[in-house]
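Given next are the chains, with one letter for each unit.
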Number of protein chains: 6
Amino acid sequence: MKLSARNQLPGTVEAVSPGATTAHVTIKLNGGGTVVASITNEAVADLALKPGDSVFAVIKASDVMVGKG
Amino acid sequence: MKLSARNQLPGTVEAVSPGATTAHVTIKLNGGGTVVASITNEAVADLALKPGDSVFAVIKASDVMVGKG
Amino acid sequence: MKLSARNQLPGTVEAVSPGATTAHVTIKLNGGGTVVASITNEAVADLALKPGDSVFAVIKASDVMVGKG
Amino acid sequence: MKLSARNQLPGTVEAVSPGATTAHVTIKLNGGGTVVASITNEAVADLALKPGDSVFAVIKASDVMVGKG
Amino acid sequence: MKLSARNQLPGTVEAVSPGATTAHVTIKLNGGGTVVASITNEAVADLALKPGDSVFAVIKASDVMVGKG
Amino acid sequence: MKLSARNQLPGTVEAVSPGATTAHVTIKLNGGGTVVASITNEAVADLALKPGDSVFAVIKASDVMVGKG
């Protein structure tokens, strides 16, 4: 499936921290830098996410802000 | 101001495309890769955004999805 | 690519209304009902979206509210 | 109160899974298909959400992506 | 309809700026301060929004960040 | 850092409720009214958020809806 989301950054799962309902997934971007995703525990199970997995951090353009200075 | 948003990726503005009310800002990440932000024209004017500016792409963790495979 | 977003509703594109930078895509869900997506013009071009296309409306669980009464 | 959100899909609560602070609410859409909402425990209590309730899944157009293929 | 969104701030419409597809609505909060909402032109028409209207700025808790210092 | 987000409302932290991974921060706005933010526990620790802190509730314009009537 091709997705309309403009931002799909390749990386590797560094850590998965499940909570009661919400998990945090830390992704080391191939280009450098780290992105944290807050997703449901069900999504983590469904994608069988674990450290070392090759993944994409997917972000809709309307969810990106710009900071300067 | 320090911000709760977990993801603040440094980069350089590559292009600013203003629309009628909404502008698209393309940011080349320092680590490689590109991020597009959809923000208001007012924000572009307020931050005086133009190609070459050093900026951050700021994204709340709950707005990041994970794609795999 | 398998996506963490919990909500992926199948449907058919009914209309595509491009704006200056932002387009509105109306999707008739297979199960009935209609969903409007506000996405970039670039995404519309990239996916070559047009009426009649089979698509999915994709929504992260943290972006869904509940109304009652 | 009439809401600007373009997407208000009628359905029935199928399950409510409270977490430490965040609950997941599964809604069976009247037209078919299922939507999961991630909302605060306080919202679940405030609306007294329980299986069988008639509700709406409410989604802002700018939070809907399109997937194709 | 009662909504799960935790933040519903009362105010008055100060300005409505329609774009090609997306409008900006400026709301003067009753308590002081101003909030800008970026919504579809269709929503503006549907709610017949105009300066002077009593409205609520409605925001999901997961869309609020915190800045400090 | 100056931020593109159009809405930055000053207030005081009233309560911080940590969950397993996600915390709720209640902010009393200077102008009156209360805003709840759902952010990561890591962000709470990173900003050392506690009751009495002067903060801003930061909200992107595209995440604000309008309710009327």
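Quantities reported herein were computed from a predicted structural model and do not represent experimental measurements. (Residues numbered from 1 in each chain as written. Chains lettered and ligands numbered in written order. Predicted model: local features only at pLDDT ≥ 70, side-chain atom pairs only at ≥ 80, totals over all residues. Heavy atoms only, no water.)

1. A word on the overall build of chain A
Next, step 1: Within chain A, the secondary structure is distributed over one helix and six strands.
Next, step 2: Counting from the amino terminus, helix and strand elements in chain A follow one another as β-β-β-β-α-β-β.
Next, step 3: Along the first, second and third principal axes, the C-alpha set of chain A runs to 35 × 25 × 25 Å.
Next, step 4: A burial count over chain A gives 58% of its 69 residues as buried.
Next, step 5: Summarising the internal contacts of chain A: among those between residues at least 6 apart in sequence, 42% fall at separations of at least 24.
Next, step 6: Surface exposure of chain A reaches about 2400 Å², of which carbon and sulfur atoms provide 55%. (Helix = DSSP H or I, 4+ residues; strand = E, 2+ residues; numbered from the N terminus. Buried < 20%, exposed > 50% of the residue type's maximum accessible area, 1.4 Å probe, protein only. Contact = heavy atoms within 4.5 Å. Areas by Shrake-Rupley, 256 points an atom, 1.4 Å probe, with all protein chains shown as cover.)

2. What about the side chain of Asp53 of chain B?
Next, step 1: Within the secondary structure layout, Asp53 of chain B lies in the loop between α1 (41–47) and β5 (54–59).
Next, step 2: Side chain to side chain, Asp53 of chain B and Lys68 of chain A meet in a polar contact 2.9 Å long. (Polar contact = N/O pair within 3.5 Å; in protein donor to acceptor, adjacent residues only side chain to side chain.)

3. Focus on the UniProt feature "domain: Mop" (unreviewed entry) in chain A
Next, step 1: Using the residue numbers shown here, the UniProt feature "domain: Mop" (unreviewed entry) corresponds to residues 2–68 of chain A.
Next, step 2: As annotated, residues 2–68 of chain A comprises 10% helix and 57% strand, and the C-alpha atoms at either end are separated by 32 Å. (UniProt positions renumbered as here; feature names shortened; annotations may be inferred.)

4. Structural notes on the sheet that holds strand β3 (residues 22–29) of chain C
Sheet strands associate in pairs through backbone hydrogen bonding, adopting either a parallel or an antiparallel arrangement.
Next, step 1: Strand order in the open sheet formed by six strands is β1(A)-β6(D)-β5(C)-β2(C)-β3(C)-β4(C), with antiparallel pairing between adjacent strands. Edge positions in the open sheet fall to β1 (2–3) of chain A together with β4 (34–40) of chain C, since each of these has one partner strand only.
Next, step 2: Note that β1 of chain A and strand β6 (residues 65–68) of chain D share two bridges and pair antiparallel. Bridging across to β6 of chain D, Lys2 of chain A finds its partner in Lys68 of chain D. (Pairing = 2+ DSSP bridges.)

5. Examining the pattern of salt bridges
Next, step 1: According to the stated counting rule, one finds 24 salt bridges over all chains in the structure shown.
Next, step 2: A salt bridge links Arg6 of chain D to Asp46 of chain E; the nearest nitrogen and oxygen atoms lie 3.1 Å apart. In this pair, Arg6 of chain D is assigned in the loop between β1 (2–3) and β2 (7–17) and Asp46 of chain E in helix α1 (residues 41–47), connecting two distinct chains.
Next, step 3: A residue is classified by how much of its surface remains accessible, and Asp46 of chain E, at 36% relative accessible area, is partly exposed.
Next, step 4: The network of salt bridges with shared partners includes Lys2 and Arg6 of chain A together with Asp46 of chain C. (Salt bridge = Lys/Arg side-chain N within 4 Å of Asp/Glu carboxyl O.)

6. Side note on the pairing of strand β6 (residues 65–68) of chain E
Next, step 1: Relative to strand β5 (residues 54–59) of chain F, β6 of chain E runs antiparallel, the two being bridged by four bridges. In the strand pairing of β5 of chain F, Lys68 of chain E is matched with Val55 of chain F.

7. Details of the interface of chain E and chain F
Next, step 1: In this complex, chain E contributes 34 residues to the contact, which on the side of chain F involves 34 residues.
Next, step 2: Contact between chain E and chain F buries roughly 2700 Å² in total, counting both sides, with carbon and sulfur atoms accounting for 63%.
Next, step 3: It is Val64, Val66 and Lys68 of chain E that lose the most area in chain E upon contact with chain F, and together they represent 23% of the buried surface on that side.
Next, step 4: The tally of links from chain E across to chain F stands at two salt bridges.
Next, step 5: In this structure, Lys68 of chain E and Asp53 of chain F form a salt bridge, with 2.9 Å as the shortest nitrogen-oxygen distance.
Next, step 6: Remark: the boundary between chain E and chain F carries 14 residue pairs in polar contact (both at pLDDT 80 or more). (Buried area = accessible area lost by both parts, 1.4 Å probe.)

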